[in-house]
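This is what each chain is made of:
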Amino acid sequence: MAENAVSLKAYWTLLRTNRNVRFLWFAQVVSEMGDWFYAVAIYSLLLELTGSARSVAFATVAMVFPQVLVSPMAGVVNDRLKRRQVMIVADIARFFIVGSMIFAQSADRIWLIYLLMFLETVMWAFFEPGRSSLMPNLCRGERETLVANALGSTTWAVNFFLGSALGGLVAVSFGRNSVFVINAFTFLVSAWLLTRMQFEEKHVEGQGPLRFRELFDFSPIMDGWRYIREHERLKPILLIKGGIGLIGANWVLLPVLGEGQFRLDGWGLDSSQAGMLGMSTLMGARGIGSFIGPMLGAPLATMQLSRLRWGITLGFAIACVGYLGLGIAPSLALAALAVVVGHAGTSMNYVFSSTLVQTLSEDRFRGRVTSTEFALMMTSISLSSFFSGEAIDRGMPAQQVAICVAGLTVVPVLLWLWATRKWS
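Now for a look at the structure at hand. (Residues numbered from 1 in each chain as written. Predicted model: local features only at pLDDT ≥ 70, side-chain atom pairs only at ≥ 80, totals over all residues. Heavy atoms only, no water.)

**What to know about the overall build of the protein**
Counting secondary structure elements, the protein contains 16 helices and zero strands. Relative to its full complement of 424 residues, the protein shows a buried share of 59%. Once local pairs closer than 6 in sequence are excluded, the contacts in the protein between residues at least 24 apart make up 86%. Carbon and sulfur atoms make up 66% of the accessible area of the protein, which amounts to about 16,900 Å² in all. (Helix = DSSP H or I, 4+ residues; strand = E, 2+ residues; numbered from the N terminus. Buried < 20%, exposed > 50% of the residue type's maximum accessible area, 1.4 Å probe, protein only. Contact = heavy atoms within 4.5 Å. Areas by Shrake-Rupley, 256 points an atom, 1.4 Å probe, with all protein chains shown as cover.)

Put into structure tokens, the structure is as follows:
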């Protein structure tokens, strides 16, 4: 595979020549932009109502852990049904779920925030494995698949930056409800864009209708696990996203640091508004880092396993340096720079791991393999977020927690190097 496969020119060529990838990309832009609009509003509302880092940690768990619970079922559904239809249904459901956030605006309705975040995540758990599993069907060869994954990661990063930054500004200017309404309608637009795609889904050929009891039949799930266990090169790749998830503590750290130590005071802003803008700055920096990561990894963007092995090791090292920097940063500007560095490393690894899984797994198993990969990552995010929130509420400074997170990234690096020691 050409070393210059990941570039702005390659992105443009892919979008211009591949109609189906173009519509899927448009759907991603619209729906993800709305998601990051709404994240700042949710976190600032929880901190305003509770003053507790634990509330943000619980929100993060509600946002990611359902993916672990649902992933076995989601994998089976995406391997048995047409994945595009699964994604459209998930988008329509999220329109109603996110729109209901306007009814959760007081301390006695915090439970409703958690419930709605839980339900939205369940829908995402069906949507995202379908999107990822579709990519090899939409692309023409391994090169396009790599470019498409890098484009998806880069787009996610831009959406995160713009959504987080603009979400804070819109919430400050027009109120949180406007943010929830905008996000809800992005899912309807995404569903319409998905209906414009035209392609074959051969994985459903020869299969009968999916029966309800099959959702609770663990034999397809066990077949997927058996396939992963017997595939020597898949097992270590699944460790990558689990390692990335350790830095999921940022879902707690960035809102807490932005609302407290690094708030943007002045300009006539009240405490809540200054906190939202501080959060927006740090979360936007995360988006910038995620944009840079795939470009940074472009020289390593090759399917040579030995080269990717060291590229992924480098990505974890960069993430470690970034979070060490966040732990000692004296100002908002330096903290934002550290976040950029840290998430450049994680996004580089995300692209590599997604491409490897998609390339090395068979189409009939890909939904279950992808769901397993996401489940490992979300479990890691949930645990790191929960313990970070607990540590902060028990008196540990948030920056000290960031240093601990940096130290934890050594664990996946060592496991990765050991598991892939025979790669050549």
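**Description of the environment of V351**
Mapping V351 onto the fold places it in helix 13 (residues 332-360). Residue V351 is classed as buried on the basis of its relative accessible area of 4%. Between the C-alpha atoms of V351 and N149, which are 202 residues apart in sequence, the distance is 5.9 Å. Aside from chain neighbours lying at most four places away, what touches V351 is L146, N149, A150, S153 and P294.

**As for the side chain of S382**
Note on placement: S382 falls in helix 14 (residues 363-393). Beyond its immediate sequence surroundings of up to four residues, S382 is in contact with V61, V64 and F65.

**Focus: the packing of aromatic side chains**
The final tally for this structure, using the stated rule, is six aromatic pairs. Judged by centre distance (5.2 Å) and plane angle (70 degrees), the rings of F95 and F185 are edge-to-face. Taken together, the residues span a long stretch of sequence, with F95 in helix 4 (residues 83-99) and F185 in helix 7 (residues 176-195) at a distance of 90 residues. Judged by relative accessible area, F95 falls into the buried class, the value being 17%. Classification of F185 by relative accessible area gives partly exposed; the value is 47%. Ring pairs connect the aromatic residues F58, F386 and F387, which therefore count as one cluster. Taking the ring centre of Y350 as reference, the NZ or CZ of K241 above it sits at 4.3 Å. Its end group placed over the ring of W251, R286 keeps NZ or CZ at 4.4 Å from the ring centre. (Phe/Tyr/Trp six-rings, centres within 6.5 Å; stacked < 30°, edge-to-face > 60°. Lys NZ or Arg CZ within 6 Å of the ring centre and 35° of its normal.)

**With respect to the nonpolar core**
Counting residues in hydrophobic clusters, the biggest one holds 128 residues, and the most contacted among them are I42, Y43, M117, L253 and L326. In terms of residue count, the dominant contributor to this core is helix 2 (residues 19-50) (16 residues). Dropping the residues within four chain positions of it, I42 is found in contact with M101, I113, M117 and F180. (Core = buried A, V, L, I, M, F, W, Y, C linked by side-chain atoms within 4.5 Å.)

**Some points on helix 15 (residues 398-408)**
Within the sequence span of helix 15, burial applies to A398, Q399, V401, A402, V405 and A406. All buried residues of helix 15 project into a common sector of 150 degrees when viewed along the axis, lining one side. (Arc of directions from axis to C-beta.)

**Thoughts on a nonpolar patch on the surface**
Among the surface-exposed residues, V158, F161, L162, L166, L169, I288, I292 and L296 lie close enough to one another that they form a single nonpolar patch of about 590 Å² accessible area. Put simply, the parts of the chain that give the nonpolar patch at least two residues each are helix 6 (142-174) and helix 11 (271-296). Among the elements that make up the nonpolar patch, the one with the highest residue count is helix 6 (five residues). Along the chain, L169 turns up in helix 6. (Patch = residues over 30% accessible without salt bridge, like charges linked within 9 Å, V, L, I, M, F, W, Y side chains within 5 Å. Salt bridge = Lys/Arg side-chain N within 4 Å of Asp/Glu carboxyl O.)

**Here's the deal with the environment of R176**
As for its placement among the helices and strands, R176 is situated in helix 7. With 75 residues separating them in the primary sequence, R176 and M101 have C-alpha atoms 9.6 Å apart.

**Observations regarding the packing of helix 15 against helix 16 (residues 410-419)**
It is the contact of helix 15 with helix 16, at a shortest axis distance of 4 Å, that shows an interaxial angle of 5 degrees. Taken as axis vectors, helix 15 and helix 16 run roughly parallel relative to one another. For the pair helix 15 and helix 16, the contacting residues are A406, G407 and L408 in the first and V410, V411 and P412 in the second. Tallied by class, the residues present in the contact of helix 15 with helix 16 amount to five nonpolar, one polar and no charged. (Axes fitted to C-alpha atoms, helices over the stretch in contact; angles between N-to-C directions. Parallel < 35°, antiparallel > 145°, perpendicular 65-115°, else oblique. Nonpolar A, V, L, I, M, F, W, Y, C, P; charged D, E, K, R; others polar.)

**Notes on the packing of helix 2 against helix 7**
Two numbers describe a pair of packed helices, the interaxial angle and the distance between the axes. Closest axis-to-axis distance for the helix 2/helix 7 pair is 8 Å, and the angle between their directions is 160 degrees. The orientation of helix 2 with respect to helix 7, classified from their angle, is roughly antiparallel. In this structure, helix 2 crosses over helix 7, and the sense of that crossing is left-handed. (Left-handed = near helix turned anticlockwise from the far one by under 90°.)

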